[in-house]
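Residue-level structural notes
If you want the building blocks of each chain, they are given just below.
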Amino acid sequence: MGKRYDVAIVGSGPAGLSAAVNAKIRNKEIILFGYSDLSNKLIKAPKINNYLGFPNITGQELKENFQRHMEAMDIEITTERINSIYAMGDYFVLMANEKMYEAKAVILATGMEYTKPLKGEVEFLGRGVGYCATCDAPLYKGKVVTVIGYNKEAEEEANYVSELAQKLYYIPVYNGDYKLSDKIEVIKDKPVEVKGENIVTALELANSTLKTDGVFILKDSISPGQLVPGLEMEEGHIKVDRNMKTNLKGCFAAGDCIGKPYQYIKAAGEGLIAALSAVSYVDSMR
Ligand SMILES: Cc1cc2nc3c(=O)[nH]c(=O)nc-3n(C[C@H](O)[C@H](O)[C@H](O)COP(=O)(O)OP(=O)(O)OC[C@H]3O[C@@H](n4cnc5c(N)ncnc54)[C@H](O)[C@@H]3O)c2cc1C
């Protein structure tokens, strides 16, 4: 087991970055999980006019500013996807594929997944449906697996799983070039429903049905309730108080994942509050 960080921040959008900056300013040992490109939502924004101080900026430009800010403060992004977080009492364990990290406090800044779950997705979760293909790959050795990928990161997971699976279908829910192994069959069709009896047997698409033993749904973020067992949710968002505290001691949240409006400056402001609350919490543990 490695060291125990003061604060682990999950998510590299404006909420997570602002939390990281403010916890670092207060001399805390932090670890920030996310993507080198920060946030897909940031890259996609054509013009932003409501981020104070940066009129008429593109999402790409704002992203580059954020990256320069991280570099200037010596904050690195650990480009790993956190799959589950367990509250252990006075610390948290964060799982990323085969790796484990420990932190005294956690800030969830995972953003908001706008797409609804597929029909059958929740029902078959853990019985053929999963959100981390690499974690569960050994279970599907020699079997048929379908990966529904919402972003480019999903391609890497699909390539890895294709080495173990007998057959792998990849359903991209985005446009672009796909860097996939030759063994993978790309299916350009819309997923509709996960089907089965006790366990998954098929995935129904708009124009066809695939027989499959497993379906992995790889989105930018998974529901926080699934990420952190025991976390209290309210109408699809993480429930927090004014200090960004969740119902779990030492766990804070900020940004789109705690509710509307979905905006950059709100996310950054909440990241600041969450960081200050996490800092006070860590200091109170001494
Ligand atoms: C096209 C478009 C245009 C927009 N224009 C504007 C605008 O003009 N003005 C405005 O104010 N807002 C705008 N928004 C909204 C804005 O993008 C969001 O409100 C903002 O990005 C929310 O920030 P966040 O930090 O909460 O989450 P996000 O920016 O969604 O960042 C969350 C990050 O955490 C990562 N993550 C999630 N789960 C995990 C995990 N388990 N492990 C590791 N990393 C994880 C995600 O992949 C993502 O990179 C726009 C959104 C879109 C899509």
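These numbers come from a predicted model, not from an experiment.

About the thresholds
Residues numbered from 1 in each chain as written. Predicted model: local features only at pLDDT ≥ 70, side-chain atom pairs only at ≥ 80, totals over all residues. Heavy atoms only, no water. Pairing = 2+ DSSP bridges. Helix = DSSP H or I, 4+ residues; strand = E, 2+ residues; numbered from the N terminus. Axes fitted to C-alpha atoms, helices over the stretch in contact; angles between N-to-C directions. Expected span 1.5 Å × (residues − 1). Buried < 20%, exposed > 50% of the residue type's maximum accessible area, 1.4 Å probe, protein only. Arc of directions from axis to C-beta. Contact = heavy atoms within 4.5 Å. Near = heavy atom within 4 Å. Polar contact = N/O pair within 3.5 Å; in protein donor to acceptor, adjacent residues only side chain to side chain. Areas by Shrake-Rupley, 256 points an atom, 1.4 Å probe, with all protein chains shown as cover. 1 Å grid on protein atoms, 1.4 Å probe; cavity = no way out; pocket = protein on both sides within 12 Å on 5 of 7 lines; lining within 4 Å. Sits in = over half its atoms within 2 Å of the grid points. Points joined across faces, edges and corners; volume = space filled by probe spheres on them. Nonpolar A, V, L, I, M, F, W, Y, C, P; charged D, E, K, R; others polar.

Some details on the sheet that holds strand 13 (residues 209-211)
Strand order in the open sheet formed by 3 strands is 11-12-13, with antiparallel pairing between adjacent strands. Pairing within the sheet leaves two strands with one partner each, and these edge strands are strand 11 (191-196) and strand 13. Each strand of the sheet is rotated relative to its neighbour by a mean of 20°, with strand direction disregarded.

Observations concerning the sheet that holds strand 9 (residues 167-172)
Read across the open sheet, the 5 strands follow the order 7-14-8-9-10; overall the sheet is parallel. Both outer strands of the open sheet, strand 7 (129-130) and strand 10 (184-186), are each paired with one neighbouring strand and no more. Both strand 7 and strand 14 (residues 214-218) contribute to a ladder of 2 bridges, which runs parallel. Across the sheet, the residue bridging to Val129 is Val215, located in strand 14.

Focus on helix 3 (residues 59-72)
Taking 1.5 Å of rise per residue, 14 residues should cover 20 Å, and helix 3 covers 20 Å from first to last C-alpha, within 8% of that figure. Restricting attention to buried positions, one finds in helix 3 the residues Gly59, Leu62, Lys63, Phe66 and Met70. The buried side chains of helix 3 occupy one side of the element, clustering within an arc of 105° when seen end-on. Exposed residues pointing more than 90 degrees away from the buried face of helix 3 are listed as Arg68, Glu71 and Ala72. On its buried face, helix 3 is in contact with helix 1 (14-25) and helix 2 (40-44). A positive backbone phi angle near 60° is found at Asp74, which sits one or two residues after helix 3.

Observations regarding the site of the ligand
Residues in contact with the ligand amount to 30 residues; listed here are only the nearest, Leu38, Ser39, Ile82, Asp256 and Tyr264. Note that an oxygen atom of the ligand is positioned 3.5 Å from one of the backbone N or O atoms of Gly13. In isolation the ligand exposes 1,000 Å². Once the protein is present, 88% of that is buried. Comparing atom positions with the cavity grids shows the ligand to sit within the largest pocket.

Structural notes on helix 1
An α-helix turns once per 3.6 residues; consequently, residues spaced three or four apart project the same way. Here helix 1 contains 12 residues, and its C-alpha end-to-end distance of 16 Å stays within 8% of the 16 Å for a straight helix at 1.5 Å per residue. For helix 1, the tally of buried residues reaches 10 of 12 residues, placing the bulk of the element in the interior. Listed as buried for helix 1 are Pro14, Ala15, Gly16, Leu17, Ser18, Ala19, Ala20, Val21, Asn22 and Ala23. Of the surrounding elements, those touching the buried residues of helix 1 are strand 1 (4-10), strand 2 (30-33), helix 3, strand 6 (99-108) and helix 7 (264-284). Backbone geometry just after helix 1 places Asn27 at a positive phi near 65°.

Things to note about the side chain of Asn83
Mapped onto the elements, Asn83 comes out in the loop between strand 3 (77-78) and strand 4 (84-87). Of the residues examined, Asn83 reaches a relative accessible area of 14% and is grouped as buried. When neighbours within four sequence positions are excluded, Asn83 is seen to be in contact with Met95, Ala96, Asn97, Cys132, Cys135, Ile222 and Leu227.

Topic: the layout of surface pockets
There is about 1,200 Å³ of room inside the largest pocket. Around the largest pocket, the lining is made up of 50 residues, and of these Ser39, Asn40, Lys41, Thr110 and Asp220 lie nearest the centre. Of all the secondary structure elements, the ones that give two or more residues to the lining of the largest pocket are helix 1, helix 2, helix 5 (153-164) and helix 7. Of the residues assigned to the lining of the largest pocket, the class counts are 20 nonpolar, 17 polar and 13 charged.

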